[in-house]
Each structure stands twice: as structure tokens, then as C-alpha cells.
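Next come the chains, spelled out residue by residue.
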Amino acid sequence: MTVLSLVIFLPLAAALGLLAFPRLRDRTVIWAWIGACVADLALVVGMWLGYDGAGGGVGYEANLRWIPSVRAGYHIGVDGLSLPLIAMTAVLFLACAVFSLRQARRVRAFAVLFLFLQTVCLGLFAALDLLLFFVFFDLSIVGMYFVIAGWGHGDNVRSALKFFLYTFLGALVLLLGFIGLYLGADPHTFDMTELTRTPPLAGSPGPAALVLLAVGIGLAIKTPTVPVHTWLPPAHTDAPAAGSAILAGVMLKMGTYGFVRIAMPMLPDAWRRYAWAAIVVGVVSVLYGALVALAQDNLKRLIAYTSVNHMGYVVLAVGAAGLAAGDMDARRLATTGAVTQMVSHGLITGALFLLSGVLYDRGHSYEMGRYGGIARGAPLFAALTAVAAFASLGLPGLSGFIAEFQIFTGSIGSGTGAAAAGAALAILGIIITAALFLRVLHRTLLGPPGSRTAQVTDIHRSELAAIAPLLALSLIIGIAPRFLLDVIEPASAAVVSLVAR
Amino acid sequence: MHATQAEGVQSLVWLLIALPLASAAVLLVGGRRTDKWGHLLGCATPLAGFGIGVAAFVQMLGYPAEERARTLHLYEWIAVGGFNVDVGLLLDPLSVSFVLLITGVGSLIHIYSIGYMSHDTDRRRFFAYLNLFIAAMLLLVLADNYLALYVGWEGVGLASYLLIGFWQFKPSAAVAAKKAFVVNRVGDFGLSVAIMVMFGAFGVVSFTGVFGAVEGASKGLVTAVGLLLLLGACGKSAQLPLQTWLLDAMEGPTPVSALIHAATMVTAGVYLIVRSGPIFDLSPDARLVVAIVGAATLLVGAIIGCAKDDIKKGLAGSTMSQIGYMILAAGLGPVGYAFAIMHLLTHGFFKAGLFLGAGSVMHAMNDEVDMRRYGGLYRVMPWTFVTFGFGYLAIIGIPPFSGFFSKDKIIETAFNKGGTSGWILGACALLGAGITAYYMTRMVLMTFFGERRWSDDAHPHESPPVMVGPMVLLALGSIFAGLLLTLGGRFQDFLAPVVGESPEHGVHAISPVVLTLITLLVVIGGGIAAYVQYGRRTVPVVAPAGSFATVAARKDLYGDAINESLIMRPGQWLTRLTVFFDSRGVDGLVNTVAATIGGTSGRVRRLQTGFVRSYALSMFFGAALVIGALLLVRL
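Residues numbered from 1 in each chain as written. Chains lettered and ligands numbered in written order. Predicted model: local features only at pLDDT ≥ 70, side-chain atom pairs only at ≥ 80, totals over all residues. Heavy atoms only, no water.

A. Main features of the pairing of strand β2 (residues 70-80) of chain B. All names here are of chain B. The sheet contact formed by strand β1 (residues 4-5) and β2 spans two bridges and is parallel. Within β2, the residue paired with Q5 across the bridge is T71. As judged from the nine bridges shared by β2 and strand β3 (residues 83-91), these two strands associate in the antiparallel manner. Bridge pairing in β3 places Y75 opposite V87. (Pairing = 2+ DSSP bridges. Helix = DSSP H or I, 4+ residues; strand = E, 2+ residues; numbered from the N terminus.)

Next comes the structure, spelled out in C-alpha cells:
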């Protein structure tokens, strides 16, 4: 066992601990929750410092027998693709724990559920076995279902059910794809390193295409891309703030992470052949998500649609990275940009959803028309919202810009007309995103006060402590991203050369 | 372009950016605690920057002309595969000119703002944003590569957004801020795609790298990059077709209009084109488009300026027009670059002075901006009148005031371009000079002369010394800057290592002396026309209906209407269509499928008989199926 297992299961252990002591007061429960998150984050930071990124290899690897009959193992490890996501996950869960200091309803169950989800999310990013990956993938859906159904508002039970059925269906299609990979491998195995080393179905393009289709659909639903995105807006709208932050910040990345971790390196031939499809889906998601977001009056639905837009950039990038004709440097840039975008979007959208949670806590509404002029009475809230909005619209100096610039430059620089045209279209998305976020600022923070504005008191210390670090990290990545890029780059270079095989 | 590492004072130029940035951070994070001394800190940083700038400039003068470009490497920013971008600064004659303008005029406007904003409870925040602007603007002009330039480019856009919307309780200000940012983003689209294409084609984004590689590039690529850069310039510098935001931007406090929307930020497009000279040198087509955009905007801006009764909007139209001159000059190639920058510097002085004068008048008149409500102010506001007057003489180009030297050269260079295009561009520039004289004379007459048309509660008074001081200094610049820069071709020689020597061509379309005389006649003609209309007759308090042309000019020549019908309306339709498609089409399909399954399962539910034996049977069949499948797989 390595420290990685400890990182993964420490939150679960804490959850069991909380269940074991039913007499604890709510306040104590939350502080214990925060303590577990802090300890976990400290371990992740230690792992980061101890990880030798230069080689791009797998670190903290552990491989135990689990289901030997199908050659599935408890195989975990981190590399430059997963470590940044694991770190982002630990940060975001800690932020949610701190944010929940003001949570009043069924605190213990809430904390336990989140700790459970944290283990699941960390485990997924660390998994090096398809079956293990799938188990975590499924459990994340179950956990989030209870979060939305149990602590949501509005039409939350229906939204939770839609979320569950839709993404569970996606998971089943994904499982179909995984079984295809298993069957295609010789000898049959679920082990991801082996599947990456010798890609299955190398000589049979037809079945490989079908398997890629299954894996692609499964991941696309989770990401989500157009047209399989419609579970996302209602799930977000009716979820509690911390749930939305995790759903958008961490769980959407499971889809995009699957592309770079599974689809690209394990099915290189098929990926190269169908990379254009990823580009098309990516560009459509970018523009479609932005346009629909532009028309929303409900703040949370709006942020949900911007997630479709932002994940579209990632899909575009992984598509461009698969173009065989493309320039190698450009493709590495696109892939690195994709992973950077996953981290960046987690931080920024996490902050945005927590901020919308603050708004709902005060005014009990997400309708932007009911607010206005908040900047006067709640300047700190306004300042944080403005920073988060500008980060999300890709202002240089913040992390979104670093990610998106790499994606666009990599796509245009790949030298193929199709990718360049796609990227140019997608860049139009940044104009729409600017318009829609300024519209948000304009309607909520500026102008004459709305009917609910008077209720909006400024941000509390605990809320500030949860949100400000996320934005500070986004700023640090925007100004000095080397610490992050140097970890991602060797791994994305490896992915690109795997795809090029 | 050869550049060595900066030494001595020049190695401190990073402080130019760091100081105002740190100050902005202190003021924003410190909040109300810094209210007492916030404005002083805010003024101290650009002043310190000016000190560093002057020292760096003096040190530069000590070097021989060819060794004046110095770089300062700060840190590695992005390094992914072959894509390496460092944050580095480039100090050369071009960037140091901008540093002096930005910190010099910037300091004066900061000081002026102490007085102008003294009644505002949020004065500290105002200074924080101004400092943020100074930092971003200095990064823009000091960056040694396009990507770092882009950071500054967007940074000034952010500061501009924050400052236009500073009085956020005014709905019009919030709308104007939003519009400015979004229209600028359209321009940013051009600039960012240009940078990405540079990386795709050359693998680098540094100035030296790109300029070195561009000579081997295909003509089509160079022209494309040039036009994309021009799109960026059009957004930032309010040139056609992205000009509409600047007039609305006047919603911001007047010092902002003076600093950002007159003297510095809006000239960034000119800087971009001149800095990218080696690219434009290789593409006559792109250059011609630049010149056409400049010529068209200089006329449009001037015509709009003629019809505005709002003193700030009049000046905004004028700013568009004057930047049109600079863009026109930049489009004329190496012969024009130095004149473009020279006009940019003189314009920085006189236009900032004019705006501060307008602010002083507004300050005195309870924030009234309608010139029809002014009149006869020269008696009550002598300092404002005199400083405004020098700015007026400078902008219309009366010798020996500064605008004369720079504008006259642009008109001359346009004619000298030769060919039909040279005649047309020259004629536009000449006509523009006449219109400029007309609208500026109109403005001076309506504001300072004639009978008093003040509203009842107006009690105008001269502004306090903290405001008058900067106005006086800018007026001095309006008087002498042009002469000092032109004497003996001094500024041209100074810039030559960056923009190239302007060839001593003997081809003159019209003899320079004759052209200068013609220009002066046109200018005087414009002035007399305005005098006949506004000096000899009384100015009505309510604007007359006006001819078709006047109405069109009042509506900014329908710039907004065109944008609305070409972009906004179709955009809204597209948005609505997408939303409809999303909820009815995509999600509707999902829901239909779900409902169908729900209906089916209602029927299937009858299978749930509650009898264990039937369950056992189905389990048996299921297990058999799974085992069968597994066996099949093993085989």
C-alpha cells in the first residue's frame, strides 16, 4: 500500500468515524469533516512534492489482486494527467466542507455523503484498472443522486432522478465499451497500463470503432457534450451549492479525463480516424453551450450551460490532439491545455457555484431579474463574483486563459485546416462568454436594486474562506503556471505519442 | 532587431508595472481602511514610474542609436513542448516614448482626480482601478512578445470596463461598460487568432522571433496576420467598424475619459500596428486596408463630433478622428510610423488637456454636459479657458502649437503616397482637418463665449489648484511638445532604430509649403464656418431639429443601428432558436424516451407478481444467459 491508498480512503474512514459517533454535535461534525479534508489535502501536497514529473511515469503505484478471474486488480497510481485532478479534487472538497459551516440541515449525513464522494472521486482519478474505474464512476452517480435528492431544492427529486437515469445509462454504455476493450485485449485484461502498452483491437478497425463509440458515448454523457447534456441544467439548478460545485468541478472531469486516459491511448487508431468527430462535437458544444447560456435568466442554469461550453474546449483539444497530420508540438500543447482546462474549470466553476449558493441562501432565488445593484450592499460578494466571472470568460492573468490559449493555439497550430477552422469558430465562443458573464454582472451586481437585493447580506467569513482560495489558485495558475504545466506536460506528451502509434 | 540585457536603472523597469499593481492590490484588498491615504498612494506610483521612466530614458540616450533596445527577462511563463513564452520586457525608443507618456500624463491625471473625485465616497476604489490600468498599459507597451502584450491588452480592457462603469448606480454607465468590453472582445478575437497563427506558422510569439521568421512566410499568411492585427487595433482604438463603444464610454468619470479614452488606451491599436511594422512592411495590401480604415474613421469621428451637444461626446468623436489620423499614418508604412507616434504623443497632451478642461467645466456646472447649457464661461473660469484654448489651438493645427507639426506631416505623407489612393487618402486627411477646426471652434464658442445659458442652480467657479495644475502642465505640452519633437527631425531619428529610417524621398505630390498653406486655409475656413453659425448667432438652449445630416451625426452615423441589425438581432434570434431547440428538441426527445419507457414499465410492472417462484425462474434464465455469454467469451 502506498500513500495514495491513504489519500483515497482517508475520507471514507472519516465518514465511517462520523457514523460511529452518533452523539457528536453538528458543529463538531463539520470541523471533523474539515479536518479530514485538510489532512487529505496535506497528503496530496506531499505527494505532489514527492512526485518526479520529469519522467512522466506513474508514481505511488499499487497493484493488488482483486478479481483475478477477469484479471481485474486494485491497481492505482498517479501521473501528470491524474495528479493535477486529484489535487484539484482535494482542494474543491475542502472548499465545500468549509462552505458547509453554514449548513443547517442533516449535517452528519451531508458530511458522510461528501466524504464518501471524495473517496470515490479521488479513486477514479487514481484508478489504473478499468473495472475499478467503472466502480468509482458508478458510485459517484449514486452519491450525487442522494446529495441532490436529499439536500436540493425546487424540483430536486425529479432532477435527481433524471440525473441518475441519464448518467447511469451512460455508465452502462461505457461498461459495454470497457468489456469490448477487455475482450479485444490479448490476453483479456482490465488493467489500464497493459491495455495502454498493447492497444487492443489494433488490427480490427471495425470492432475498434464500435468500442470507441461505446466509450465515447459513455464519456460524452458524463462530460457532457451536446446533444447529451440536458441532464446537467436541472441537476445543477436543484442541487445544493456544494453539490453543484462537486458535480461541475470534479465529476464532469471524469468524462474528459476518460478521453485522455482511456479512449486516446487505448484506441489510438480509431481515435486518429475519428478525431474529426471529437472536433465537431467540441466546437458545437462550445458555441451551443455559450448561446444557450446567453439566454438564461436563472443564474445556476446559466453557469451549468457555460460548463457545456468550457468542456467543449476540452473535447475540441483532445480531438485536435488526435489529428495524425498535426504538428507534434501543437498536439502536445492542445493536450496539456485540455488537462489545464479541467483543473481551471474545476476551480472557477466551483467558485461560481458556491457564490450562487450564497445568493440563494440570502434571496432564495436564482432568477437574476430579482437582483441588481448588489455591489452596493455586498461589495465583497460582488468582488468575488466579478473575479470568478472574469476568470471564466478567459481573462489573461487567470487560469482559464492559460488553458484556453493552449487549446486554441494547439488546435490552430496543428496545421490541419479542419482543426484550425474549428478552433477559429470556437474562439468566437469567447466573445459570447464575455457577453454572457458581463450580462450576469450587469443584472445582479450593477444597476437599480431588484426585489430580493435587500436580503443579500455580504459574504460570511466561512464562505470567504471557501471561495477565495479557489480564485487565488486560479490567479496563481494564470500568472505562474509552470508548477502545474511541468507536471502535465510530460504526461500529455506521452499521450500524444501513444495516439500517434 | 538586436537587443541586449538591460542594466542599471533600466533593469528596474519591472517596477513600472509592479508598483501600480501592488498599489491597486493594497487599495482593493485593504478596503475602507485605506480610504484616508488611498489617493496619495495611488498618485505616488505613477509618479515613481515617471521617475524611473525618465532615468531609463536618459540612460538610453547614452547608448549609441543601434544599441538602444534592451531586454529584461523576468521569468518563464509557459513552456510546453516547443511552445515557450517568457515574461520579458523590451525597452527601446518606441516603448520608452509610451512609458513617458503613460506615466507622465497618467501622473497628472491622477493628481487632477484627487480634486475631481473629492466628493466621491469611493475615491479610493477609483484610484485602485486607475493604478490597475497604469500597470496593464505599461505591460502592454513594455512586453517583448505578443502573448504578454495580449495580457496587458486585456488588462487595460478590464480596467476600462471597471472605470466606465465606476458609477455603477447609473444604468447607462453599466450598459456602456458592458458594451465597451464586448466590442473590444471582438477586436481581441482578431489579435488572439493572429498570435495563434503566428505560433502555428513560426513556432514563436516573441517580437524578435516573429519578425525574423515573417520574411520567409507566404504573402497570403502575412496579409492575414496583418488584417487580424488590424481587427484587434480597431477594437481597442475605436476604429471602424468597431467604433461605437467609445462614445458610450464617456459615461465614465472625466479623468478616465482623459487618460484611458483619449491619451493612452485607445492609442494601443496604433502602438500594435507600429510595433508590428515588420509584418505590415511585407504586405502592401494589409497596409492599404489600415490606411483606408484610418481615413474613413477620421472623417466619421469628425462628422460625429460636429453634431454633439454633449461636450464629452464631442471630444470622443474627436478622439476617434485623431486616432484615425494615427492609423492612417501607420498604414502608410515606414514613412508614416514616426508621424503616427508623434501625433499620438502630441494628441496625448492636448486631448488629455481638453478633457480635463471639460471635466473642470462639468465640475463647475453640477456635472452638466450639455454645451447648450454653457456659455460665457471664460470670465468665471479663466484658467480653464486659457488651458482649453491652447489645447484647441493645438488640435486644429495652428502653428506653432503641437498638433500642427504632427498632423501636417500626416497629411503631407498621405499625399506623398502617390497614385490615386494617395490623393484620396490625402484629401480625406485634409478635409478632416477642416472639420476638426469646425467642431472644435463650435465647442469653444458654445462653452466659453456667447450669453450665459446656465440652468438656474448653476454657480460656476474656477476649479481648485490640484485640478488646475495638471491642466496648466498639459497646456504647456500642447504648446511646445510638437515643436520639441520635430526640431531637426529629432523624434524620427530617435525612433528610427525601431521603425526604420524614413527614406528621404524627393517625390512630393504637392510642395510641402504649398500644402501647409492649403491646410491652414482649410482649417481657418472650418473655424470661420463655426464662428458664423455659433459665434454670430445665439445658440438655442434646445437643439433645433436639424437637417438629415445633423440627425445622422447625432446618432453616431447609425453605428449602433447597423450593429443592431447586422449582429445583435440575428444573434438574439440565433440564441432563441438554440434555446428552443435545446428545450423542445434535445431535451424533449430525452423526455419522450423517458416517458415511453415509463409507460412501458407500467405494463411490465405486472410481471412483479410477488411470487418468489416466478422471480426464481427469471433469475435462473438470467444466470443461464450470463454463463452462456461467459462461456462464449472464453472460447
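B. Just the interface of chain A and chain B, in detail. Contacts between chain A and chain B engage 57 residues on the former and 45 residues on the latter. At the surface where chain A touches chain B, the tally comes to one salt bridge. Of all the elements in the fold, those that place two or more residues in the side of chain A that touches chain B are α6 (156-184), α12 (275-294), α14 (328-363), α15 (374-377), α17 (399-413), α18 (417-444), α19 (461-479) and α20 (482-499) of chain A. At 11 residues, α18 of chain A tops the list of elements feeding residues into the side of chain A that touches chain B. Residue composition of the side of chain A that touches chain B, grouped by class: 36 nonpolar, 12 polar and nine charged. (Contact = heavy atoms within 4.5 Å. Salt bridge = Lys/Arg side-chain N within 4 Å of Asp/Glu carboxyl O. Nonpolar A, V, L, I, M, F, W, Y, C, P; charged D, E, K, R; others polar.)

C. Spotlight on the pairing of β3 of chain B. With respect to burial, β3 of chain B is a largely interior element, seven of its nine residues being buried. Turn length for the β2 of chain B-β3 of chain B hairpin, with the two strands adjacent in sequence and antiparallel, is two residues, and the turn residue G81 of chain B shows positive phi of about 60°. (Buried < 20%, exposed > 50% of the residue type's maximum accessible area, 1.4 Å probe, protein only.)

D. Examining the pattern of salt bridges more closely. Inspection of every chain in the model, using the stated rule, returns 23 salt bridges over all chains. Between E463 of chain A and R102 of chain A there is a salt bridge whose closest N-O contact spans 3.1 Å. Here R102 of chain A lies in the loop between α3 (82-99) and α4 (107-126) and E463 of chain A lies in helix α19, a separation of 361 residues in the sequence. Under the relative-accessibility criterion, R102 of chain A is labelled partly exposed at 36%. E7 of chain B is paired through a salt bridge with R70 of chain B; the nearest N and O atoms lie 4.0 Å apart. Taken as a pair, E7 of chain B in the loop between β1 and α1 (14-30) and R70 of chain B in strand β2 lie far apart in primary sequence, 63 residues in all.

E. Spatial organisation of the packing of helix α8 (residues 205-222) of chain A against helix α10 (residues 241-266) of chain A. Residue and element names in this part refer to chain A. Close contact between α8 and α10 brings their axes to 7 Å; oriented N to C, the two are set at 155°. In terms of orientation, α8 lies roughly antiparallel with respect to α10. For the crossing formed where α8 meets α10, the hand is left-handed. Contact residues: α8 offers L212, V215, G216, L219, A220 and K222, while α10 offers M251, L252, M254, G255, G258, F259, I262 and A263. Grouping the constituent residues of the contact of α8 with α10 by class yields 10 nonpolar, three polar and one charged. (Axes fitted to C-alpha atoms, helices over the stretch in contact; angles between N-to-C directions. Parallel < 35°, antiparallel > 145°, perpendicular 65-115°, else oblique. Left-handed = near helix turned anticlockwise from the far one by under 90°.)

F. Summary view of helix α6 (residues 171-202) of chain B. Residue and element names in this part refer to chain B. Taking 1.5 Å of rise per residue, 32 residues should cover 46 Å, and α6 covers 46 Å from first to last C-alpha, within 8% of that figure. The sharpest bend along α6 reaches about 25° and sits at V186. Here α6 lies mainly inside the structure; 25 of its 32 residues are buried. Of the residues flanking the end of α6, it is G203, one or two places downstream, whose phi is positive at about 75°. (Expected span 1.5 Å × (residues − 1). Bend = angle between axes of the 7 residues up to and from the residue.)

G. Region of the structure containing the sheet that holds β1 of chain B. Read from one edge to the other, the open sheet built from three strands follows the order β1-β2-β3 (chain B), with strand pairing classed as mixed. Looking at which strands have only one partner, the edges of the open sheet turn out to be β1 and β3 of chain B. Across the sheet, α17 of chain A lies against β2 and β3 of chain B, angled at about 80° from β2 of chain B, the strand it touches most.

H. Summary view of the nonpolar core. F133 and I467 of chain A together with Y146, L147, L229, I279 and I341 of chain B are the most contacted members of the largest nonpolar core, which totals 415 residues. Residues in contact with L229 of chain B, not counting those within four places in the same chain, are Y146, L191, A194, M198, L272, S276, I279 and F280 of chain B. (Core = buried A, V, L, I, M, F, W, Y, C linked by side-chain atoms within 4.5 Å.)

I. Focus on the environment of V173 of chain A. All names here are of chain A. Here V173 lies in helix α6. Its relative accessible area of 23% is what places V173 among the partly exposed residues. Between the C-alpha atom of V173 and that of I488, which follows or precedes it by 315 residues, the distance is 29 Å. Not counting the four nearest positions on each side in its chain, V173 is found in contact with A214, I217 and G218.

J. Main features of the environment of G243 of chain A. Residues and elements named next belong to chain A. Note that G243 resides in helix α10. Given a relative accessible area of 0%, G243 falls into the buried group. Linking G243 and Y145, residues 98 residues apart in sequence, is a C-alpha distance of 9.7 Å. Once residues within four sequence positions are removed from consideration, G243 is found in contact with F114, M144 and V147.

K. A look at a negative patch on the surface. Residues and elements named next belong to chain B. On the surface, a cluster of negative charge is made up of E66, E67, D493 and E501. Along the chain, the position of E66 falls in the loop between α2 (38-61) and β2. The exposure class of E66 is exposed, given its relative accessible area of 59%. (Patch = residues over 30% accessible without salt bridge, like charges linked within 9 Å, V, L, I, M, F, W, Y side chains within 5 Å. Areas by Shrake-Rupley, 256 points an atom, 1.4 Å probe, with all protein chains shown as cover. Lys, Arg positive; Asp, Glu negative; His and termini not counted. Charge placed at Lys NZ, Arg CZ, Asp CG, Glu CD.)

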